[in-house]
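Architecture and fold: a report
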Amino acid sequence: MASKLLQLQKMAAQASQYASKHGNAYYKQLMEQNKQYVQEPPSVEKCQLLSNQLLYTRLASIPGRREAFWKEVDYLKQLWKNKQELNIEKAGIAALFGFECFAWYCAGEIIGRGFTITGYHV
């Protein structure tokens, strides 16, 4: 266990050194490739405008998402009514989907706790 930890520390140190040497060049390349998305000149007004555009664009998408949600609920209701036609394949896919949702929930909880499994730092 201790040897694995030392290997991990060495790999992290190497990654850190690589990032410190090549990070600036990568940043410049990334900004050059995506310069069409940068708003010039950067100003508070432009940032507020973009923030408002994002907010209202997301708000405008709510009816479509709500409609998609209710279609999914209707599909589940129909599936429940015809549960005798439910085969193993569909049940397995549903179980895997439920397990994936639970796994993402657990991952989010662990990240929210600061990458600790046992509990929050107090």
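So, how was this worked out
Residues numbered from 1 in each chain as written. Predicted model: local features only at pLDDT ≥ 70, side-chain atom pairs only at ≥ 80, totals over all residues. Heavy atoms only, no water. Helix = DSSP H or I, 4+ residues; strand = E, 2+ residues; numbered from the N terminus. Contact = heavy atoms within 4.5 Å. Polar contact = N/O pair within 3.5 Å; in protein donor to acceptor, adjacent residues only side chain to side chain. Salt bridge = Lys/Arg side-chain N within 4 Å of Asp/Glu carboxyl O. Buried < 20%, exposed > 50% of the residue type's maximum accessible area, 1.4 Å probe, protein only. Phe/Tyr/Trp six-rings, centres within 6.5 Å; stacked < 30°, edge-to-face > 60°. Expected span 1.5 Å × (residues − 1). Bend = angle between axes of the 7 residues up to and from the residue. Axes fitted to C-alpha atoms, helices over the stretch in contact; angles between N-to-C directions. Parallel < 35°, antiparallel > 145°, perpendicular 65-115°, else oblique. Nonpolar A, V, L, I, M, F, W, Y, C, P; charged D, E, K, R; others polar.

Attention now goes to the environment of Gln 39. Tracing the backbone shows Gln 39 in the loop between helix 1 (2–33) and helix 2 (44–60). Sequence-wise, Gln 39 and Leu 50 are 11 residues apart; in three dimensions their C-alpha atoms are separated by 9.7 Å. Once you skip the residues sitting within four places of it in the chain, Gln 39 turns out to touch Lys 46 and Leu 50. Within the structure, the side chain of Gln 39 is placed 3.4 Å from the side chain of Lys 46, a separation counted as a polar contact.

Attention now moves to the pattern of salt bridges. Counting across every chain of the model gives 3 salt bridges. Notably, a salt bridge pairs Glu 67 with Lys 71, separated by 3.7 Å at the nearest N-O pair. With a gap of 4 residues between them, Glu 67 and Lys 71 both fall in helix 3 (residues 62–81), about one helical turn apart. Exposure remark for Glu 67: the relative accessible area of 48% places this residue in the partly exposed category. By relative accessible area, which is 55% here, Lys 71 ends up exposed. Between Glu 109 and Arg 113 there is a salt bridge; the shortest N-O distance is 3.6 Å.

A few words on the packing of aromatic side chains. Applying the stated criterion across every chain yields a total of 2 aromatic pairs. A centroid spacing of 5.1 Å and a plane angle of 70 degrees characterise the contact between Phe 69 and Trp 70, whose relative ring orientation is edge-to-face. Taking the relative accessible area as the measure of exposure, Phe 69 reaches 48% and is therefore partly exposed. Trp 70 sits in the partly exposed class, given a relative accessible area of 40%.

A word on helix 1. In this model helix 1 runs 43 Å from its N-terminal to its C-terminal C-alpha over 32 residues, within 8% of the 46 Å that 1.5 Å per residue would give. At His 22, helix 1 shows its strongest bend, of approximately 50 degrees.

In contact at an axis separation of 4 Å, helix 2 and helix 3 are set at 30 degrees when each is read in the N-to-C sense. Here helix 3 runs roughly parallel to helix 2, going by the angle between their axes. Along its contact with helix 2, which presents Arg 58, Leu 59 and Ala 60, the element helix 3 presents Ile 62, Pro 63 and Arg 65. Residues that form the contact of helix 2 with helix 3 fall into these classes: 4 nonpolar, no polar and 2 charged.

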